[in-house]
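Results of the structural survey
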Amino acid sequence: MSLLSRELLLTRRLAGSWVFALVFFALFASICAIALGGSRAVMAPIAPALLWIALILSVLLATGGSWQASLPDGYLEQLRLSGRSFAGFALSKALAMALTIIVPLLIAAFPVAIAFGQSAQAALGLTLSLVLGSPAILAYALLAGAATLRLSQGGMVIILISLPFLVPTLMFGLSFSQAYERYGFNADGLALMGVSLISVAAAIPAVAAILQATMEDG
Amino acid sequence: MQFKRQKKGCNLTYKLTLDNCAIARGGRIILSGLSMTLKPGDFIWVTGENGVGKSSVLRLAAGILRPETGSVGFNQDSEDVPASQLVSLLSHEDGLHPALTSAEEMQVWMQSDDMWDALPAAFQLQQLRDRPIKTLSAGQRRRAAIARQIGSDKPIWLLDEPLSALDAEAREALMAAVTNHINSGGAAMIATHHVPSRISAGASILNLSAAR
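Residues numbered from 1 in each chain as written. Chains lettered and ligands numbered in written order. Predicted model: local features only at pLDDT ≥ 70, side-chain atom pairs only at ≥ 80, totals over all residues. Heavy atoms only, no water.

Here we take up the overall build of chain B. A count of helices and strands for chain B gives 8 helices and 9 strands. Against the compact-globule benchmark of 17 Å for 212 residues, chain B has a radius of gyration of 17 Å, which places it among compact chains. Across the 212 residues that make up chain B, the buried fraction comes to 56%. Summarising the internal contacts of chain B: among those between residues at least 6 apart in sequence, 73% fall at separations of at least 24. Entry remark: accessible area of chain B is about 9,200 Å², with carbon and sulfur atoms responsible for 47%. (Helix = DSSP H or I, 4+ residues; strand = E, 2+ residues; numbered from the N terminus. Rg over C-alpha atoms; globule rule 2.2 N^0.38 Å. Buried < 20%, exposed > 50% of the residue type's maximum accessible area, 1.4 Å probe, protein only. Contact = heavy atoms within 4.5 Å. Areas by Shrake-Rupley, 256 points an atom, 1.4 Å probe, with all protein chains shown as cover.)

A few words on the nonpolar core. In terms of nonpolar packing, the biggest core is built from 93 residues, with Phe-25, Trp-67 and Leu-211 of chain A together with Leu-34, Ile-156, Leu-158 and Met-189 of chain B touching the most fellow members. Broken down by element, this core gets its largest block of residues, 13 residues, from helix α6 (residues 86–115) of chain A. Those residues in contact with Phe-25 of chain A, other than ones at most four positions away along the chain, are Leu-51, Ala-54, Leu-55, Ser-58, Leu-105, Ala-108, Ala-109 and Val-112 of chain A. Met-106, Leu-125, Ala-147 and Ala-170 of chain B belong to the second-largest nonpolar core, a separate cluster that totals 35 residues. (Core = buried A, V, L, I, M, F, W, Y, C linked by side-chain atoms within 4.5 Å.)

Right, let's talk about the packing of aromatic side chains for a bit. Residue and element names in this part refer to chain A. Counted by the stated rule, this structure contains 7 aromatic pairs over all chains. Site record: aromatic cluster; members linked through ring pairs are Trp-67, Tyr-75 and Phe-89. Positioned above the aromatic ring of Phe-86 is the side chain of Arg-80, whose terminal nitrogen or guanidinium carbon lies 4.8 Å from the ring centre. (Phe/Tyr/Trp six-rings, centres within 6.5 Å; stacked < 30°, edge-to-face > 60°. Lys NZ or Arg CZ within 6 Å of the ring centre and 35° of its normal.)

Next up on the list: helix α9 (residues 167–183) of chain A. Every α-helix winds through 3.6 residues per turn, so residues three or four apart in the chain are directed the same way. Residues and elements named next belong to chain A. Here α9 spans 24 Å end to end across 17 residues, near enough to the 24 Å set by a 1.5 Å rise per residue. Among the residues of α9, Thr-169, Gly-173, Leu-174, Phe-176, Ser-177, Ala-179 and Tyr-180 are the ones counted as buried. Each element contacted by the buried residues of α9 is listed here: α3 (40–63), α7 (120–147), α8 (154–165) and α10 (187–216). Once α9 ends, the next one or two residues include Gly-184, with phi positive near 70°. (Expected span 1.5 Å × (residues − 1).)

Its place among the elements puts Ser-70 of chain A in helix α4 (residues 66–70). Judged by relative accessible area, which is 3%, Ser-70 of chain A ranks as buried. Separated by 66 residues in the primary sequence, Ser-70 of chain A and Ala-136 of chain A have C-alpha atoms spaced 21 Å apart. Sequence-distant contacts of Ser-70 of chain A, defined by excluding residues within four places in its chain, comprise Arg-6, Glu-7, Leu-10 and Lys-93 of chain A together with His-97 of chain B.

Time to look at the interface of chain A and chain B. Of the residues lining the interface, 25 residues belong to chain A; the matching set on chain B comes to 25 residues. Summed over the shared surface of chain A and chain B, the number is 4 salt bridges. Its salt-bridge partner being Glu-216 of chain A, residue Arg-66 of chain B comes within 2.9 Å of it at the nearest N-O pair. Taken together, the links from chain A to chain B amount to 11 residue pairs in polar contact (both at pLDDT 80 or more). Those elements giving two or more residues to the side of chain A that touches chain B turn out to be α1 (3–13), α4, α5 (75–81) and α10 of chain A. Ranked by residue count, the leading element in the side of chain A that touches chain B is α5 of chain A, at 6 residues. The class makeup of the residues in the side of chain A that touches chain B is 11 nonpolar, 7 polar and 7 charged. (Salt bridge = Lys/Arg side-chain N within 4 Å of Asp/Glu carboxyl O. Polar contact = N/O pair within 3.5 Å; in protein donor to acceptor, adjacent residues only side chain to side chain. Nonpolar A, V, L, I, M, F, W, Y, C, P; charged D, E, K, R; others polar.)

What follows concerns the pattern of salt bridges. Scanning all chains against the criterion turns up 8 salt bridges over all chains. The salt bridge involving Arg-6 of chain A is made with Glu-7 of chain A; its shortest N-O contact spans 3.9 Å. We note that Arg-6 of chain A, like Glu-7 of chain A, is buried. Close ionic contact of Arg-141 of chain B with Asp-94 of chain B constitutes a salt bridge, the shortest N to O distance being 2.8 Å. On the criterion of sequence distance, the pair formed by Arg-141 of chain B in helix α6 (residues 138–151) and Asp-94 of chain B in the loop between β6 (87–90) and α4 (102–109) is long-range, its members being 47 residues apart.

Here we come to the side chain of Thr-169 of chain A. Looking at where Thr-169 of chain A falls in the secondary structure, it is placed in helix α9. Beyond its immediate stretch of four places on either side in the chain, Thr-169 of chain A contacts Trp-52, Gly-133, Ala-136, Leu-192 and Val-195 of chain A.

This paragraph deals with the sheet that holds strand β4 (residues 69–76) of chain B. Residues and elements named next belong to chain B. Read from one edge of the open sheet, 4 strands run β2-β1-β4-β5, paired in antiparallel fashion. The sheet is open, and its two borders are formed by β2 (28–38) and β5 (79–80), each paired with just one other strand. Sheet analysis places strand β1 (residues 14–25) next to β4, joined by 7 bridges and oriented antiparallel. Across the sheet, residue Lys-15 finds its bridge partner in β4, namely Asn-75. The strands that helix α2 (residues 54–61) touches are β1, β2 and β4; relative to β1, the one it contacts most, it runs at about 135°. (Pairing = 2+ DSSP bridges. Axes fitted to C-alpha atoms, helices over the stretch in contact; angles between N-to-C directions.)

The next subject is the confidence of the model for chain B. Residues and elements named next belong to chain B. Taken as a whole, chain B shows an average pLDDT of 85; of its residues, 92% reach a score of 70 or greater. Counting contacts from residues 1–9, a segment whose pLDDT is below 50, to residues more than four positions away or on other chains yields 18 contacts. Note on the complex model: pTM 0.87, ipTM 0.86. (pLDDT = per-residue confidence, 0-100.)

Printed below as a string of structure tokens:
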């Protein structure tokens, strides 16, 4: 069994996580709608911002702690002695999280955007911006999660570490989604993809290095 | 037991070398001047009081702990190889996930499914293989961890307190497996705080308390 199938099996068995993320996403959107009085005229202009914040928080909360849940003590040593690379493990973990947690959120984003008074074209642009930006969100969530692996109160710290790094992603994402309705796919989309690629490319080796240091510290 | 390794082990020459190593814990040197080699057929039993550094010696030999000074070398057919090619480690923390079954965990770690047949019958793992790790008792879980070690098919076994939580029958089976491993060209290093004289026959004893 490969590490990826092990990770997929774990995310499925420790159910909760993806359901939790989806319910949080829906609840966050509902609370915002209630707070804004439910008027589409008020909600429509700020829907992209709300959905971006909802996605960021859902992903950070659902995936940041996943190292702790799936790494029993001694696992890293056995991983090292089985000859597998930590980078490969980090990538397997990231893929498993993307498939089981992020994909359902992205699917849910479109109907939520419509419910918030977006036109079909605008909802598509918004969803597309979330798709392009989500790898960056996941990358920082996993990186912050690995860095706080040995902290008992990791959850809050993960959010504190990741949020500042996500500012560029958020800015490009929102400007891409706002321009999409009129101009279609635009340059901000490329910038967003670039930010995501750089984040993933930096996070995977960084996570591997952190895991290595964590293992050597015992 | 008929391991595929039996043949492989005989043909290979390998060597694990600790050269004048010092081990630090929390910035304080707890052990220094440690030198030893493990070659095919070698059996070392490390002992000493609690906290003397037995586990650290094993983690050092597994290439997981970096020595403060000195060096650790893994060598096969006169070439340097990564530790993962030669060594398996049974430590206190077994790394088995409570939510997975032993069969699922073994699929990740074992070289092939044939390894199930190579496991000591006394471990009774066939009956446990589809139960989640969290439902196993301490002894059963220990047996699953030992099974992974045997199944990972490495020439050098490092075992940290392997007898704890095991019943008499499983201890016998484990020691028989170790003896078999050594006779077929493997090497082993066991660490326990107490050396049971009856079953440690053939091992060279390394008392860390005395060495200090």
